Amino acid sequence: MSIEQVYVVNEKDEILYKLPRSEVNQKNLITRATIVLVFNSKKEILITKRSKNKRSNPNLWEIGQGGVVTAGETYEQNSIRELFEETGLKRNESELVYLFDYKFSSNTMRYNSKVFSCKMNITENIFLQKSEIEKGEFISYEKLKEKVGLTPELFTPDSLEFIKIYTSFISSSYQAV
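A few points on the structure. Predicted, not measured: the structure shown is a model, and the values here were computed from it.

## Thoughts on the nonpolar core
Of all hydrophobic cores here, the largest spans 25 residues; its most connected members are Leu37, Leu144, Phe162 and Tyr166. Elements supplying a minimum of two residues to this core: β3 (30–39), β4 (45–50), β5 (61–63), β6 (97–105), β7 (110–119), α3 (141–150) and α4 (157–172). Sort the elements by how many residues they give to this core and α4 lands first, with 5 residues. One finds Val36, Val38, Leu46 and Phe116 within the second-largest nonpolar core, a separate group that totals 11 residues.

Pasting the structure below:
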């Protein structure tokens with residue numbers, strides 16, 4: 001089995017070199033990641049609760065699907081792969097809508113990401129990857145903001161930061177899908 005290699009990047013998202021993902025995590029280096037916001041026909045957003053077996057932030061809710069971009073992958077390719085792995089939804093690049101760039105930095109993780117959205121058809125079903133996701137639910141944007149405000153301890157740190165950026169984004173330039 002090969003060791004997963006990821007890009008180490010700088011603040012400008014320029015690739016510096018690649019390393020095993022475990023080493024990037026251990027050294028808390030900046031890497032690339034993706035976030036895909038999945039909306040249903042009611043314009044509700046999918047949030048998921050991370051598995052208790054996850055290395056970081058187990059049992060916490062997160063906003064959006066995605067993950068770390070592996071070496072050789074584009075942001076779009078990673079979004080498509082992660083979306084399928086985590087939810088069973090098959091998309092191509094033309095079905096992803098680029099929204100904005102998002103950077104997160106903490107003492108345990110740092111990444112530069114691209115945020116995309118996609119719509120679910122009314123006839124589609126979601127199949128959550130149980131090794132990564134305990135459960136998921138669709139929630140209105142207003143209910144999501146309320147839930148984050150009332151129980152922030154139930155959300156991943158990057159999701160808490162992300163909701164602020166997303167709120168600013170939709171307030172200034174975009175109406176929620």
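Read on, since the account is not over.
## Here we look at the pattern of salt bridges
Tallied over the full model, the rule gives 12 salt bridges. In this structure, the salt-bridge partner of Glu124 is Arg91, at a minimum N-O distance of 2.8 Å. Here Arg91 lies in the loop between α2 (75–87) and β6 and Glu124 lies in the loop between β7 and β8 (133–139), a separation of 33 residues in the sequence. The partner of Glu142 in a salt bridge is Lys145, with the nearest N and O atoms 3.9 Å apart. Here the residue Glu142 and the residue Lys145 both occupy positions in helix α3, the gap between them amounting to 3 residues, near one helical turn. We classify Lys145 as partly exposed; its relative accessible area is 34%. Taken together, the shared-partner salt bridges in this structure form one network comprising Glu73, Arg81, Glu82 and Glu85.

## With respect to the side chain of Asp158
By the element assignment, Asp158 lies in helix α4. For the buried residue Asp158, which engages in no salt bridge, the nearest side chain bearing the opposite charge is Arg50, 6.7 Å off. Among the polar contacts made by the side chain of Asp158, one reaches the side chain of Tyr111 at a distance of 2.8 Å. Each residue touching Asp158, except ones within four places of it in the same chain, is listed here: Asn57, Tyr102, Phe104, Met109 and Tyr111.

## Regarding α4
Each α-helix turn comprises 3.6 residues. Residues three or four places apart therefore point the same way. Its 16 residues place the ends of α4 24 Å apart at the C-alpha level, agreeing with the 22 Å of an ideal helix rising 1.5 Å per residue. When we look at burial in α4, the residues that qualify are Asp158, Ser159, Phe162, Ile163, Tyr166, Phe169 and Ile170. Across the axial projection of α4, the buried residues extend over an arc of 135°, all falling on one side. Facing away from the buried side of α4 by more than 90 degrees, the exposed set consists of Lys164, Ser171 and Ser172. On its buried face, α4 sits against β3, β5, β6, β7 and α3.

## Quick word on the pairing of strand β1 (residues 5–9)
Extensive coverage of β1 is indicated by the burial of 4 of its 5 residues. Across 5 bridges, the pairing between β1 and strand β2 (residues 15–20) is antiparallel. When the sheet's bridge partners are listed, Val8 is paired in β2 with Tyr17. The antiparallel hairpin formed by β1 and β2 contains 5 residues in its connecting segment, where Asp13 sits at a positive phi of about 70°.

## Description of unusual backbone geometry
Its identity is not glycine, yet Asn28 carries a phi of approximately 55°, on the positive side. Owing to a relative accessible area of 15%, Asn28 belongs among the buried residues under this scheme. Unlike most non-glycine residues, Lys43 shows phi in positive territory, near 65°. On the secondary structure map, Lys43 appears in the loop between β3 and β4.

What counts, and where the lines are drawn
Residues numbered from 1 in each chain as written. Predicted model: local features only at pLDDT ≥ 70, side-chain atom pairs only at ≥ 80, totals over all residues. Heavy atoms only, no water. Core = buried A, V, L, I, M, F, W, Y, C linked by side-chain atoms within 4.5 Å. Buried < 20%, exposed > 50% of the residue type's maximum accessible area, 1.4 Å probe, protein only. Helix = DSSP H or I, 4+ residues; strand = E, 2+ residues; numbered from the N terminus. Salt bridge = Lys/Arg side-chain N within 4 Å of Asp/Glu carboxyl O. Lys, Arg positive; Asp, Glu negative; His and termini not counted. Polar contact = N/O pair within 3.5 Å; in protein donor to acceptor, adjacent residues only side chain to side chain. Contact = heavy atoms within 4.5 Å. Expected span 1.5 Å × (residues − 1). Arc of directions from axis to C-beta. Pairing = 2+ DSSP bridges.

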